Amino acid sequence: MGGSRYSPKHFGGHGLQNRPKFRHLTARISILLPPPPFEPDGFMKIVVVFSYLAVFSFFSLASDNATASTIKQSASDLCHPPQSNWYDKTRTYKPFETVEACLDAGGRLPKGISLASLDQAKSSARASSDAMAGYHRSAFGHGWDDANGDCQNSRAEALVASSTTQVRFATDRGCRVVAGRWVSAFTGNVIQNASNIDIDHLVPLAWSWDRGANKWPDEKRVRFANDPVNLLPVEASLNRSTITI
C-alpha cells in the first residue's frame, strides 16, 4: 500500500465507523467544539461532530440574517429585534429599519434585551465577518499533502484507509487510487469509482479559520488540513450540492 498508515482491515465490513483513530476524534477537536453530554464511540462520533456543526451553522446563519431583518413594533409598542423570543410570533406589527428608529417612535425593548446586548451582538458579527474576510483555502496548503513522501497524498491514504476492499491504483507505483469500495456514511450507498469520492473535512477549514486557525503557523494549518482523523470520504455529488436551511 505504498507506506499507507492504514489498511482495509481496520474497517471490517463497516467502513469508516470502525476506524481506531476515531476514538480520539473528540479530543483532537476539543479546542473547536464543546464536549458532548455523553461519550459516543465508533460512527456516532461523526454524528456528534456534524450535529454540533449543523447547529452552529444554523445559528450563525440566523444571526447573520437577524442583523439585516426588520424590527417589529407590536401593538403593545414593544420593539422586537430578531433576538426577541417573540419575534417570529409577532405577525401584526409596524416595521422599522433599526431598533433606534422604533424606540424614537415611542417603542420599548422587550424584557431581557438592551441596546448594549444588541451592540455586543453586532460587534461579534462584525469581528467574525472580518476574520472570515481573510480566509483562503491555500492558507491550509495547496492541495493534498504527501508528508511522508511515499507518493500517496492524504486523499489517497484516506481512500485506502476507508475502502472495505483492496483498492486499485492508476499505476503500479500505487500512488493514485482509482477504484475500491466505499460505503457512504450519509446515505449508505456503495461507491466503487474513486473519482466519485470527495474527501471532506469533519471540522471545516473555513470554520476553524474563524476560530483561531488564522493565527496558526502555516505548517500547523497544513497538518490540520491533512490530518487523517479529520478526513471523511463522501459522495462528490452530495458534498458539492447546495443545501438550504
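Residues numbered from 1 in each chain as written. Predicted model: local features only at pLDDT ≥ 70, side-chain atom pairs only at ≥ 80, totals over all residues. Heavy atoms only, no water.

Along the backbone of the protein there are 8 helices and 8 strands. Relative to its full complement of 245 residues, the protein shows a buried share of 39%. Excluding contacts between residues fewer than 6 apart, the proportion of contacts in the protein whose partners are at least 24 apart in sequence is 56%. Accessible area for the protein stands at about 14000 Å²; split by element, carbon and sulfur atoms hold 53% of it. (Helix = DSSP H or I, 4+ residues; strand = E, 2+ residues; numbered from the N terminus. Buried < 20%, exposed > 50% of the residue type's maximum accessible area, 1.4 Å probe, protein only. Contact = heavy atoms within 4.5 Å. Areas by Shrake-Rupley, 256 points an atom, 1.4 Å probe, with all protein chains shown as cover.)

Here the focus is the state of the cysteines. Following the criterion strictly, the structure yields 2 disulfides and no others. For Cys79, the disulfide goes to Cys102, at an S-S distance of 2.0 Å. Disulfide Cys79-Cys102: the torsion about the S-S bond is -90°, which places it as left-handed. Pair noted here: Cys79 is in strand β2 (residues 79–80) and Cys102 is in helix α3 (residues 99–104), with a separation of 23 residues, a long-range link. On the basis of relative accessibility, which here comes to 0%, the residue Cys102 falls in the buried class. Two residues, Cys151 and Cys175, share a disulfide whose sulfurs are 2.0 Å apart. Taking the sign of the torsion about the S-S bond as the criterion, the disulfide between Cys151 and Cys175, at about -110°, is left-handed. You can see Cys151 sitting in the loop between α4 (115–133) and α5 (154–162) and its partner Cys175 sitting in the loop between β4 (168–169) and β5 (177–183), a full 24 residues away along the chain. (Disulfide = S-S within 2.5 Å.)

Here we take up the sheet that holds β5. Here 3 strands make up an open sheet; going across it, the order is β4-β5-β6 and the pairing antiparallel. Each edge of the open sheet carries a strand with a single partner, namely β4 and β6 (190–193). Inspection of the sheet shows β5 paired to β6 by 3 bridges, in the antiparallel sense. The partner of Val183 across the bridge, within β6, is Val190. On the sheet, α5 packs against β4 and β5 and is oriented at approximately 45° with respect to β5. (Pairing = 2+ DSSP bridges. Axes fitted to C-alpha atoms, helices over the stretch in contact; angles between N-to-C directions.)

Once that is clear, we can look at the pairing of strand β8 (residues 231–235). In terms of burial, β8 is a largely internal element, 5 of the 5 residues being buried. Where strand β7 (residues 197–201) and β8 come together, 5 bridges link them in antiparallel fashion. Counterpart to Ile199 in the pairing with β8 is Pro233.

Despite not being glycine, Asp77 shows a phi value in the positive range, around 70°. Along the polypeptide, Asp77 turns up in the loop between β1 (71–73) and β2. One non-glycine residue, Cys151, adopts positive backbone phi at about 80°. Residue Cys151 is classed as partly exposed on the basis of its relative accessible area, which comes to 21%.

Attention now goes to the packing of aromatic side chains. Applying the stated criterion across every chain, the model contains 5 aromatic pairs. For the pair Trp216 and Phe224, a centre-to-centre distance of 5.4 Å together with 75° between the ring planes defines the contact as edge-to-face. You'll find Trp216 and Phe224 in the same group, each marked buried. Each residue in the set Tyr135, Phe140, Trp209, Trp216 and Phe224 is aromatic and connected to the rest through ring pairs, giving one cluster. The residue whose ring lies beneath Lys72 is Tyr87, and the NZ or CZ to ring-centre distance is 4.2 Å. We note Lys89 situated over the ring of Trp86; from NZ or CZ to the ring centre the distance is 4.7 Å. (Phe/Tyr/Trp six-rings, centres within 6.5 Å; stacked < 30°, edge-to-face > 60°. Lys NZ or Arg CZ within 6 Å of the ring centre and 35° of its normal.)

All right, on to helix α7 (residues 218–226) then. Here α7 has its buried residues at Arg221, Phe224, Ala225 and Asn226. Of the surrounding elements, those touching the buried residues of α7 are α5, β7, α6 (205–209) and β8.

This brings us to the nonpolar core. The biggest cluster of nonpolar side chains holds 13 residues, and the ones touching the most others in it are Leu159, Val167, Val177, Trp182, Ile197 and Ile199. Residue contacts for Trp182: discarding those within four places in its chain leaves Leu159, Ser162, Ser163, Val167, Val177, Asn189, Val190, Ile191, Gln192, Asn193, Ala194 and Ile197. If you look at the next biggest cluster of nonpolar residues, it comprises 10 residues, including Phe140, Trp207, Trp216 and Ala225. (Core = buried A, V, L, I, M, F, W, Y, C linked by side-chain atoms within 4.5 Å.)

What follows deals with the sheet that holds strand β3 (residues 94–96). Read from one edge to the other, the open sheet built from 3 strands follows the order β2-β1-β3, with strand pairing classed as antiparallel. For this open sheet the edge positions go to β2 and β3, each flanked by a neighbour on one side alone.

Of note, Gly143 is situated in the loop between α4 and α5. The contact partners of Gly143, leaving out residues within four places of it in the chain, are Arg137 and Asn226.

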